[in-house]
Every structure is written in structure tokens, then in C-alpha cells.
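Commentary on secondary and tertiary structure
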Amino acid sequence: RITCAQCKAPTKTADYSVTRVGKREDTKKDVGTISTSTPLAWGDGTHTFYAVYPSPATSGTECTIDGKTITGSIPAVQTYTTTSSTTDGIVTAPDMKRQYMVAKVQAPEKASSVVLDFYPMSTALEFTLTNDLGSGNNILIKSIQLSSENYALNGAFTIDMDNIGGVNGRPYCTTTATAASNNTVTINFGGTQVNIGKTLNFTFFLNPGNGGATGINDLTLTINGTNNATGKTFTRSTKL
């Protein structure tokens, strides 16, 4: 979704679709073009464009944009899609609607093109869990949790697109999540536990408002499951 107060009325906000066209060799960035059935129209003077991905119109997203302000939230229980289920390993793809990205650019009136450089705001942590028990000792995973002692990993956040100066020039982000329950994110595999065979690959998305510019340094990973050979349940925690 792109919004611009200087655009000609009545359309000052529009949803665009993105087509990936390749990677630039000089910057190594993914580059794409955008299109819409209800385009923004040039107004007068310098234009400031603000954009957020995915659009609030996307099913399941919890991120919105109002002028220069973006608000959203990261869920405590995160969904996934299993992309491989062989005995050699399972790869779970996260819900990419939680990989919020934002962009801001100023352009002169009726510029020939407007380039939006999107910055990812959600923190993504990817893990690979390896089963070293040997053949016949597959591990059944019920749930995996990531927790912090001091930072909100899930919950609401606010991004002021004019407050630039965060990590690598990204806009600063603040969080209003303060409850103890905000300090944990979980991937729950439900009643059917996942037999990981040799490996399980999974990803967490974390609240972009946590940790500030210094990042998070107090994370603990907790795994709940069953040893398929013995039938015994277990819980294992590791400080990262």
C-alpha cells in the first residue's frame, strides 16, 4: 500500500501489486515493478510517498498505514506451511505476511519514475533442529518456543516513517506490548506432532519494536516433544 498526501484528490492511497523482475548486479537488490487499477495521480510540488508491505487489504495481515504512521502486531502463536516432509528433513515456511517492510521516498512533481527502497522491519530468526539420536530414534515435535526475559517478541508496534536513524537507516519503531505474555512466540504443531527425521527448519518473526538498535541478547529456545523410540515426552531449553 502506497500513500501520498500531495497526490491529486480523491485518491491519496492505493494498493499496488508487485512483480519481481530480477536482481540488480550493482546493488544485489531484488527489483520489481508495481501496478494497480486505481493509481495515484500527480499533484503539485514535491511528493513524499510512504509504503508498507503487505497491504492492509491482504487477508490475515495486521499492519496498517495512516499517513506517515504504520501500526501492526506480531502474533504470539505463529503459523507455517510445511514445504518438505521426507524422513531426511522437514522445512517449514513461515507466514510471510508477518515480514513487514516499509519504504519512504521524496520525488519531484511528475518524475519519470519513483523508486521505493523497502526495508524489512520484522526480525526473522531461522533455526535448524538436528536429530543426532540415530536411525529408529526419530523425534516428534509438539511445539517450539522462543522467549526473552526483557523484550516483547510479539504484540503491537508503531513505526514513524519520518523518524529515521535506526539500524542501517531504517525508521525507528516503538512497541506498546508490555505484558509477560508478549515475551514469547510459539510455533505449535498441534495434536499431530511432527516427526522431524533428521532435521527441522523453522523461522520466527519477532516484533520490530524490541531491542532498539542494540538487538536482543537474552533469548531462550524451548522444544517440547516425544522420543518416538521410547515414547517419553521431553522439554529442552537452550539459552542463545
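Below: a short report on this structure. (Residues numbered from 1 in each chain as written. Predicted model: local features only at pLDDT ≥ 70, side-chain atom pairs only at ≥ 80, totals over all residues. Heavy atoms only, no water.)

The pairing of strand S6 (residues 64–66) with strand S7 (residues 69–74) spans three bridges and is antiparallel. The residue of S7 that forms the bridge with threonine 64 is threonine 71. Connecting S6 to the next strand, S7, in antiparallel fashion are two residues, including glycine 67 with a positive phi near 65 degrees. By the bridge criterion, six bridges tie S7 to strand S14 (residues 155–164) in an arrangement that is antiparallel. When the bridges of S14 are listed, threonine 69 appears paired with aspartate 160. (Pairing = 2+ DSSP bridges. Helix = DSSP H or I, 4+ residues; strand = E, 2+ residues; numbered from the N terminus.)

Attention shifts here to the nonpolar core. Membership of the largest hydrophobic core comes to 21 residues, with the highest contact counts inside it found for Ile141, Ile144, Leu146, Leu200, Phe202 and Phe204. Listed by contribution, the elements that provide at least two residues to this core are strand S12 (123–130), strand S13 (139–148), strand S16 (184–188), strand S18 (199–206) and strand S19 (219–227). Leaving out residues up to four positions away in the same chain, leucine 200 has contacts with Ile90, Thr92, Phe127, Thr128, Leu129, Ile141, Ile144 and Phe189. Core analysis: the next-biggest nonpolar cluster, separate from the first, contains 14 residues, Ile70, Val102, Met121 and Cys173 among them. (Core = buried A, V, L, I, M, F, W, Y, C linked by side-chain atoms within 4.5 Å. Buried < 20%, exposed > 50% of the residue type's maximum accessible area, 1.4 Å probe, protein only. Contact = heavy atoms within 4.5 Å.)

Within the open sheet, the four strands sit side by side as S6-S7-S14-S15. Their pairing is antiparallel. Edge positions in the sheet fall to S6 and strand S15 (171–175), since each has one partner strand and no second. Each strand of the sheet is rotated relative to its neighbour by a mean of 25 degrees, with strand direction disregarded. (Axes fitted to C-alpha atoms, helices over the stretch in contact; angles between N-to-C directions.)

Next up on the list: a nonpolar patch on the surface. Together, Tyr53, Met96 and Phe118 give the surface a local cluster of nonpolar side chains, amounting to about 280 Å² of exposed area. Looking at phenylalanine 118, the relative accessible area reads 35%, which means it is partly exposed. (Patch = residues over 30% accessible without salt bridge, like charges linked within 9 Å, V, L, I, M, F, W, Y side chains within 5 Å. Areas by Shrake-Rupley, 256 points an atom, 1.4 Å probe, with all protein chains shown as cover. Salt bridge = Lys/Arg side-chain N within 4 Å of Asp/Glu carboxyl O.)

The next subject is the sheet that holds strand S11 (residues 119–120). With respect to topology, five strands assemble into an open sheet ordered S2-S1-S5-S10-S11, the strand pairing being antiparallel. Looking along the sheet, the strands with just one partner apiece sit at the ends: strand S2 (13–14) and S11. Where strand S1 (residues 2–3) lies against S2, two bridges are found, and the strand directions are antiparallel. Counterpart to threonine 3 in the pairing with S2 is threonine 13.

Okay, the pattern of salt bridges next. The final tally for this structure, using the stated rule, is 11 salt bridges. Between lysine 239 and glutamate 149 there is a salt bridge whose closest N-O contact spans 3.3 Å. Highlighted residues: lysine 239 in strand S20 (residues 233–239) and glutamate 149 in the loop between S13 and S14, separated in sequence by 90 residues. Taking the relative accessible area as the measure of exposure, glutamate 149 reaches 55% and is therefore exposed.

So, on to the environment of threonine 81. Following the sequence through the fold, threonine 81 ends up in strand S8 (residues 80–86). Assessed through its relative accessible area of 49%, threonine 81 is described here as partly exposed. Along the backbone, threonine 81 and arginine 20 are 61 residues apart, and their C-alpha atoms lie at a distance of 22 Å. When residues no more than four places from it in sequence are discounted, the contact partners of threonine 81 are Val91, Thr92 and Ala93.

Relative to the helices and strands, glutamine 145 is located in strand S13. Taking relative accessible area as the criterion, glutamine 145 reaches 29% and is therefore assigned partly exposed. As a C-alpha pair, glutamine 145 and valine 185 span 40 residues in sequence and 5.8 Å in three-dimensional space. Excluding its chain neighbours within four sequence positions, the residues that come into contact with glutamine 145 are Thr184, Val185, Thr186, Phe204, Thr220, Leu221 and Thr222. Within the structure, the side chain of glutamine 145 is placed 3.5 Å from the side chain of threonine 186, a separation counted as a polar contact. (Polar contact = N/O pair within 3.5 Å; in protein donor to acceptor, adjacent residues only side chain to side chain.)

This part covers the side chain of threonine 48. Along the polypeptide, threonine 48 turns up in strand S5 (residues 47–53). A distance of 3.2 Å separates a polar atom in the side chain of threonine 48 from a polar atom in the side chain of glutamine 106.

Checked against the element boundaries, threonine 222 lands in strand S19. Among the polar contacts listed, one links the side chain of threonine 222 to the side chain of serine 237, at a separation of 2.9 Å. Leave out the neighbours within four places in its chain, and threonine 222 touches Ser143, Ile144, Gln145, Thr235, Arg236 and Ser237.

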